[in-house]
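Architecture at a glance
Spelled out, the chains give:
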Amino acid sequence: MAKRVAIVGAGVSGLASIKCCLEEGLEPTCFERSDDLGGLWRFTEHVEEGRASLYRSVVSNSCKEMSCYSDFPFPEDYPNYVPNSQFLEYLKMYANRFNLLKHIQFKTKVCSVTKCPDFTVTGQWEVVTQHEGKQGSAIFDAVMVCTGFLTDPYLPLDSFPGINTFKGQYFHSRQYKYPNIFKDKRVLVIGMGNSGTDIAVEASHLAEKVFLSTTGGAWVISRVFDSGYPWDMVFTTRFQNMFRNSLPTPIVNWLLARKMNSWFHHANYGLVPEDRTQLREPVLNDELPGRIITGKVLIKPSIKEVKENSVVFNNTPKEEPIDIIVFATGYTFAFPFLDESVVKVENGQASLYKYIFPAHLPKPTLAVIGLIKPLGSIIPTGETQARWVVRVLKGINKLPPQSVMIEEVNARKENKPSGFGLCYCKALQADYITYIDELLTYINAKPNLFSMLLTDPRLGLTIFFGPSTPYQFRLTGPGKWEGARNAILTQWDRTFKVTKTRSVQESPSPFASLLKLLGLLALLMAIFLIFL
């Protein structure tokens, strides 16, 4: 059984891993190369090597009720979508509440993690670190890698003919901090992910002109969704997920397109995705359509050629003068402290069982936490991974034989669509609810909906039809939290508390009672059809 556990990185997954180790009686030591915790969520004026970098205006794309740790809600007075400075405060509250800081060694870089000579027997690792210029090493029974995948910028300059002749300024979005550098400039942002879209919108308030270049387009949604509710509290429910997964993929894609176009028609704005068969994470931006319709942002196709002071877009012969190019072209990831024989990265993914364990190791004593892109928050995802991992390390839970794990990993790499539900075919993509439920099943912590509908119908209905908030993951099993039920039943109260800051008197509708009755009957019918 593992006892001493090395944890690499003190970001959101690293903090959860420390806590999970402590809950299972393990002895964690976390190595953090910077001087503070927070990982991605700690803003710095300058880019730091080996650490994710963010710009000053970053706000969470997942609301506070959906992106908190499962037994530690955000403070009630926090906004629904949290600015990075408040997010960092929350992480520090979490670390203090569960006494995690004493287990973190700051300003300590992990240089290498190698198998001990007797690894096939002990499963132990030698971890070499560097602190203030001095190297040290220690033996650990297990290692949890929590370094994320937003540290190594992908900058494909070879794909942009003429970039070496460009006399203006160009840089990767990782370098971006403030929009003032764009004042009175003609700006080109290449790449239409969340960062690229944010930067284009920010630049449009100061720049002379802004172009946003996209090869494949994207669905754009607002954080403010149906009836003003947070988007993920509406989209990410067990009922909706089950409904989507029961339909053929073409029908789901058609329904998704209708929903995405209900805010604005993407084709009219040059944004509609070219490939609608595979799921691409939607872009979260509240301002983009408004900036396009007022001429502040111009959507353009891919780049044909870069010249000294201009660019030429594909299918458009006109040259556009450009002063600054921002490459929002994403990231690659690697584990420089691990040998390729331990974890090998190929085509944007690694051979990890359930996105966690190297399938070929004879001893399951190394785990990667947070290397996944669910259509949901990474915080509860990484936390759930860590809860399972520590029980595997303790020997409570067992992994299947190597052959079974390798077969599953290879099947996932083939990316064959099932034909039903959304198509999660790109590297690291996963169905959020399905994936977490699978991990919860391994540790006997998945809520039993059928039983709950009989014994606590109010809670059962809220869990099934309401948002799949992380508190659901603490209702039962190891790590059960007594406050989980109340947190679920009051989640909408906390959501509206920070938006309804002026009391208003709503006029009662004469049909309200009838509609409520019909709604209740519809719910009962749905439950009958689903469970009977």
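Parameters at a glance
- Every chain begins its residue count from 1, and numbering advances along the sequence as written.
- With pLDDT at 70 or above as the cut-off, local features in this predicted model cover only qualifying residues; side-chain atom pairs require 80 or more to be listed or tallied, and sums for whole chains, interfaces and linings still use all residues.
- Excluding hydrogens and water, the side-chain values take into account all heavy atoms of the structure.
- We count a stretch as a helix when DSSP gives it H or I for four or more residues in a row; a strand needs E for two or more, and each element gets its number in order from the N terminus.
- For this analysis, a polar contact is any N or O atom pair within 3.5 Å, provided that within protein one partner can donate a hydrogen and the other can accept it, and provided that sequence-adjacent residues contribute only side-chain to side-chain pairs.
- Every residue pair with non-hydrogen atoms within 4.5 Å of one another is taken to be in contact.
- At least two bridges found by DSSP between two strands is the condition for calling them paired.
- In this analysis, axes come from line fits to C-alpha atoms, helices being fitted only over the stretch in contact, and the angle between any two N-to-C directions falls in the range 0 to 180 degrees.
- For salt bridges, the criterion is a side-chain nitrogen of Lys or Arg within 4 Å of an Asp or Glu carboxyl oxygen.
- Burial here depends on accessible area, computed with a 1.4 Å probe over protein chains only, as a share of the maximum for the residue type. Under 20% is buried, over 50% is exposed, and the range in between is partly exposed.
- Crossing handedness is read from the near helix: turned anticlockwise from the far helix by less than a right angle, it gives a left-handed crossing, and turned clockwise, a right-handed one.
- Residues were grouped as follows: Ala, Val, Leu, Ile, Met, Phe, Trp, Tyr, Cys and Pro as nonpolar; Asp, Glu, Lys and Arg as charged; and all remaining residues, including Gly, as polar.
- By convention a nonpolar core is built from buried Ala, Val, Leu, Ile, Met, Phe, Trp, Tyr and Cys residues, the set being connected through side-chain atoms within 4.5 Å.
- Think of a 1 Å grid over just the protein atoms. A cavity is a set of points where a 1.4 Å probe fits yet cannot get out, a pocket is an open set with protein on both sides within 12 Å along at least five of seven lines, and lining residues have an atom within 4 Å of a point.
- Grid points are joined across faces, edges and corners, and a volume is the space filled by probe spheres set on the points.

1. Focus on the side chain of Asp198
Here Asp198 is to be found in helix α5 (residues 194–204). For Asp198, the side chain forms a polar contact with the side chain of Tyr55, separated by 2.8 Å. When neighbours within four sequence positions are excluded, Asp198 is seen to be in contact with Tyr55, Leu284 and Asn285.

2. As for the sheet that holds strand β16 (residues 310–313)
Taken in spatial order, the 3 strands line up as β15-β16-β17 in an open sheet, and their pairing is antiparallel. Of all strands in the sheet, those with a lone pairing partner are β15 (303–306) and β17 (316–321), marking the two edges. Here the strands of the sheet are splayed against their neighbours by 25° on average, with no regard to which way each runs. Alignment of β16 against β17, held across 4 bridges, turns out to be antiparallel.

3. A closer look at the pattern of salt bridges
By the definition in use, this model includes 26 salt bridges. Residues Lys92 and Asp36 are paired through a salt bridge, measuring 3.1 Å at the closest nitrogen-oxygen approach. Note that Lys92 is positioned in helix α3 (residues 84–97) and Asp36 in the loop between β2 (27–31) and α2 (64–67), a separation of 56 residues in sequence. The partly exposed category is assigned to Lys92, whose relative accessible area is 32%. A salt bridge links Glu208 to Arg186; the shortest N-O distance between them is 3.4 Å. Of this pair, Glu208 sits in the loop between α5 and β11 (209–213) while Arg186 sits in strand β10 (residues 186–190), and the two are 22 residues apart along the sequence. Residue Arg186 is classed as buried on the basis of its relative accessible area, which comes to 14%. Salt bridges here are not isolated pairs; linked through shared partners, they connect Lys19, Glu23, Asp71, Glu383 and Arg474.

4. As for the packing of helix α1 (residues 12–23) against helix α10 (residues 378–394)
The packing of two helices is summarised by the inter-axis angle and the distance between the axes. At a closest axis distance of 9 Å, the pairing of α1 and α10 adopts a crossing angle of 35°. Crossing angle aside, the handedness with which α1 passes α10 is right-handed. Within the contact between the two elements, α1 uses Val12, Ser13, Ala16, Ser17, Cys20 and Cys21 and α10 uses Ile379, Gly382, Glu383, Ala386, Arg387 and Val390. Among the residues making up the contact of α1 with α10, the classes are represented as 7 nonpolar, 3 polar and 2 charged.

5. Remarks on the nonpolar core
Core analysis: the biggest nonpolar cluster contains 125 residues, and Tyr69, Met144, Phe182 and Leu366 have the highest contact counts within it. Considering every element that reaches this core, the biggest residue donor is α10, with 7 residues. Phe225, Val234, Leu247 and Leu256 belong to the second-largest nonpolar core, a separate cluster that totals 18 residues.

6. Concerning the environment of Asn261
Position of Asn261 among the secondary structure elements: in the loop between α8 (249–260) and β13 (283–284). For Asn261, a relative accessible area of 24% corresponds to the partly exposed category. When near neighbours in sequence (up to four residues on either side) are disregarded, Asn261 contacts Trp219 and His266.

7. What to know about the pairing of strand β7 (residues 142–145)
Here β7 shows no split at all, with Ala142 and Met144 on one side and Val143 and Val145 on the other all buried. Bridge count for strand β1 (residues 4–8) against β7 is 4 bridges, and the pairing is parallel. Bridging from a neighbouring strand, Val5 pairs with Ala142 of β7. Here β7 pairs with strand β24 (residues 366–368) via 3 bridges, running parallel. Across the sheet, residue Met144 finds its bridge partner in β24, namely Ala367.

8. Some points on the sheet that holds strand β14 (residues 297–300)
One open sheet holds the 5 strands; their spatial order is β9-β18-β10-β11-β14, and the pairing between them is parallel. Edge positions in the sheet fall to β9 (169–172) and β14, since each of these pairs with one other strand and no more. In this sheet, adjacent strand axes meet at a mean angle of 20° when their direction is disregarded. Pairing analysis gives 5 bridges linking β10 to β11, with the strands arranged parallel. Among the inter-strand pairings, Arg186 is bridged to a residue of β11, identified as Lys209.

9. Some words on the layout of surface pockets
When its volume is computed, the second largest pocket comes out at roughly 670 Å³. Forming the boundary of the second largest pocket are 28 residues, of which Tyr355, Tyr424, Gln429, Ala430 and Asp431 lie nearest the centre. Listed by contribution, the elements that provide at least two residues to the lining of the second largest pocket are α11 (402–414), β26 (429–430) and α12 (432–442). Here the lining of the second largest pocket is composed, by residue class, of 12 nonpolar, 9 polar and 7 charged.

10. Observations concerning the side chain of Ser213
Its place among the elements puts Ser213 in strand β11. Assessed through its relative accessible area of 3%, Ser213 is described here as buried. Here the side chain of Ser213 touches Pro301 through a polar contact of 2.8 Å, landing on its backbone oxygen. In this structure, Ser213 is in contact with Leu188, Val189, Ile190, Gly191, Met192, Lys300, Pro301, Ser302, Ile303 and Phe313, ignoring residues within four places of it in sequence.

Note that every value here comes from positions in space, so none of it alone points to a role or purpose.
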